[in-house]
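# Architecture and fold: a report
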Amino acid sequence: MSAPVRTRFAPSPTGYLHLGGARTALFNWLFAKKLGGTFVLRVEDTDKARNTEEARTAIFEGMEWMGLDWEGPYYQSERDEIYLEWFEKLVAADRVYEDDGAWRFRFERKPITMHDLVCGEVTIDYTDESNTPDMVIRRSDGTFVFHFVNVVDDLTMGITHIIRGEDHLMNTPKHLQLIEAFGEKAPAYAHIPLILNGDGSKMSKRDTGAALGDYPRQGFHSPAVVNFIALLGWSPKDDSEIFSPEELIEKFSLESVNRSPGRFDFDKCVWVNQQHLLAMEPSQFAEIAASACQNSPTQAMLESVQEKVSLLAEIPEAVAFYLDPEYPIADDALAKVKGNDAAASLLDALATDFSALADWTEAKAAIGTTAKAHGAKPGQLMFPLRVALSGKAGGPDLGAILEILGKNECVRRIQRFTSLLA
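Throughout what follows, the structure given in this document is the object of discussion. (Residues numbered from 1 in each chain as written. Predicted model: local features only at pLDDT ≥ 70, side-chain atom pairs only at ≥ 80, totals over all residues. Heavy atoms only, no water.)

## A few points about the packing of helix H7 (residues 222-230) against helix H9 (residues 266-279)
Rules: Orientation is described by lines fitted to C-alpha atoms, with helices fitted over the stretch in contact, and by angles between N-to-C directions that extend from 0 to 180 degrees. To qualify as a helix, a DSSP run of H or I must reach at least 4 residues; to qualify as a strand, a run of E must reach at least 2; elements of each kind are numbered from the N terminus. The scheme is simple: roughly parallel for angles under 35 degrees, roughly antiparallel for over 145, roughly perpendicular for 65 to 115, oblique for anything else. Whether a crossing is left-handed or right-handed is set by the direction in which the near helix is turned from the far one by less than a right angle, anticlockwise for left-handed and clockwise for right-handed. What makes two residues a contact is simply this: any of their non-hydrogen atoms within 4.5 Å. In the scheme used here, Gly and all other residues not listed as nonpolar or charged are polar, with Ala, Val, Leu, Ile, Met, Phe, Trp, Tyr, Cys and Pro taken as nonpolar and Asp, Glu, Lys and Arg as charged.
The geometry of H7 relative to H9 is characterised by a closest axis approach of 9 Å and an angle of 135° between their N-to-C directions. As the angle between them shows, H7 and H9 are arranged oblique. Read as a crossing pair, H7 and H9 show a hand that is right-handed. Of the residues in H9, those touching H7 at Pro223, Ala224, Asn227 and Phe228 are Lys268, Cys269, Val272, Asn273 and His276. Its residues assigned to classes, the contact of H7 with H9 comprises five nonpolar, three polar and one charged.

## Topic: the sheet that holds strand E4 (residues 96-99)
The pairing of strands in a sheet comes from backbone hydrogen bonds and takes either a parallel or an antiparallel form. Stated formally: Only strands joined by at least two bridges in the DSSP assignment are considered to pair.
Pairing within the open sheet is antiparallel, and its three strands lie in the order E4-E5-E8. Across the chains shown, the open sheet's two edge strands, defined by having one partner strand only, are E4 and strand E8 (135-138). Here the strands of the sheet are splayed against their neighbours by 45° on average, with no regard to which way each runs. With three bridges connecting them, strand E5 (residues 102-105) and E8 associate as antiparallel partners. Opposite Phe105, over in E8, you have Met135 as the bridge partner.

## Description of the sheet that holds strand E1 (residues 6-9)
With parallel pairing, three strands are arranged side by side in an open sheet as E1-E2-E3. Two strands in the sheet have a free side with no partner beyond their single neighbour: E1 and strand E3 (71-75). Between one strand axis and the next, the sheet turns by 25° as a mean value, whatever way the strands run. Bridge analysis of strand E2 (residues 38-43) against E3 gives three bridges, and the strand direction is parallel. Looking at E3, one finds that Val43 is bridged to Tyr75. Along the sheet, helix H1 (residues 19-34) contacts E1 and E2; its crossing angle with E1, the most-contacted strand, is approximately 165°.

## Remarks on the side chain of Gln177
With respect to the helices and strands, Gln177 occurs in helix H5 (residues 172-182). Excluding its chain neighbours within four sequence positions, the residues that come into contact with Gln177 are Arg95, Phe105, Phe107, Glu108, Ile112 and Tyr126.

## Focus on the pattern of salt bridges
How we decide: Definition used for salt bridges: Asp or Glu carboxyl oxygen within 4 Å of a side-chain nitrogen of Lys or Arg. Burial here depends on accessible area, computed with a 1.4 Å probe over protein chains only, as a share of the maximum for the residue type. Under 20% is buried, over 50% is exposed, and the range in between is partly exposed.
For the coordinates displayed, the defined rule picks out 24 salt bridges. Notably, a salt bridge pairs Asp153 with Arg79, separated by 2.7 Å at the nearest N-O pair. With Asp153 in helix H4 (residues 146-156) and Arg79 in the loop between E3 and helix H3 (80-92), this pair connects stretches of sequence that are 74 residues apart. Neither residue differs from the other here; Asp153 and Arg79 are each classed as buried. Across the pair Asp238 and Lys251 runs a salt bridge, and its minimum N-O distance is 3.9 Å. Of the two residues, Asp238 sits in the loop between H7 and helix H8 (245-251) while Lys251 sits in helix H8, which places them 13 residues apart along the sequence. Residue Lys251 is classed as partly exposed on the basis of its relative accessible area of 35%. Taken together, the shared-partner salt bridges in this structure form one network comprising Arg8, Arg42, Glu44, Arg79, Asp153 and Asp154.

## As for the packing of aromatic side chains
For clarity, the cut-off: Pairing of aromatic side chains requires ring centres within 6.5 Å, counting the rings of Phe and Tyr and the six-membered ring of Trp. Pairs whose planes differ by under 30 degrees are stacked, by over 60 edge-to-face, and all others tilted.
Scanning the model with the defined rule gives 17 aromatic pairs in all. A ring pair is formed by Phe105 and Phe107, whose centres lie 5.7 Å apart and whose planes are at 85°; its orientation type is edge-to-face. Here the aromatic rings of Phe148 and Phe182 are separated by 6.3 Å at their centres, their planes lie at 55°, and the arrangement is tilted. Of this pair, Phe148 sits in helix H4 while Phe182 sits in helix H5, placing them 34 residues apart in sequence. We classify Phe148 as buried; its relative accessible area is 0%.

## Quick word on the pairing of strand E6 (residues 111-116)
Residues Ile112, Met114 and Asp116 line the buried face of E6, whereas the alternating positions Pro111, Thr113 and His115 sit on a face that is not buried. Bridge analysis of E6 against strand E7 (residues 120-125) gives six bridges, and the strand direction is antiparallel. Paired with Ile112 across the bridge in E7 is Ile124.

Encoded structure:
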């Protein structure tokens, strides 16, 4: 019986959580969840000069925002006794020697082949010592290097699958030599492709979209960003692109991870976010949308703009006209209405007809009735009415606006607007 799946994410708290790290964490989490395993968070915090509490907090908050859960966290800074114990195993096996105060691991001079679950078979020939010198694993100050602690941690934590960036591919044969020297079984490795910018350049920490912490501030919905990140280097076996976290878990596999780099596309991320907002039940959308607003719009106001926004950050502006009796009129919309010579008289007539309505649910039908009575088509009145009520050329369904504002406020807004057309 095979061991339960255990994956890990091992960030270094020296900066914010960037998109590549977030994707590595996500792929490890999805793989573990898919197979009923455990996702481990391990913090590589031995670089005391560069580690910051702010960076550690940013990493944890970013992963929580993505909806990931984990075992841990474990901190390398608290594991010195474990590293010393495993170092002594190499001393006893005569696999290390001292060199200018540092300790080097003695490679076996032979080819090392790794079988990567994404990249396929990769071989590094350690026969030529001039090309592959023995590796320092312990510095002269007594601290251990990344390669050593990384391997010890994976072995002692029972990690079965290591899913990490392609930039670590050439480290793996070194790690396999260490694992063999310890007499342990190696985990399975899967090296996922890099993320490139739209122009094909390698994504750096300063590029647009690189910092995960920017996404909530820009109004992205967490499951949508998780969906988008998953598509950077992975795709299902069909053409579908919009997935809930639960659907991602169900569909994810390492066999479907692409060999070629993922291409970052900010517009695609916005589109994915919009699709997630559109797929929500109106009441769910309103609940999430309310958290983006400070001026307490009603549920009906929020539900009315669900199909009109792509980002949560757009919602306050989208509903602002409801809440501001003296809402501004967009210059281009006003100019377009003024180009319609009949607009003022049609709106005056509509205000009169609205005032006479006993049943406000008939308001939308009254638009057609008023237009027809004055020899106009309903469309000739609908646009001026929209601008009169909202100050904008576009926005929520006109029927929703009428219902939300109510008769008295609609009449007042029409009269206010027609005074600008004189």
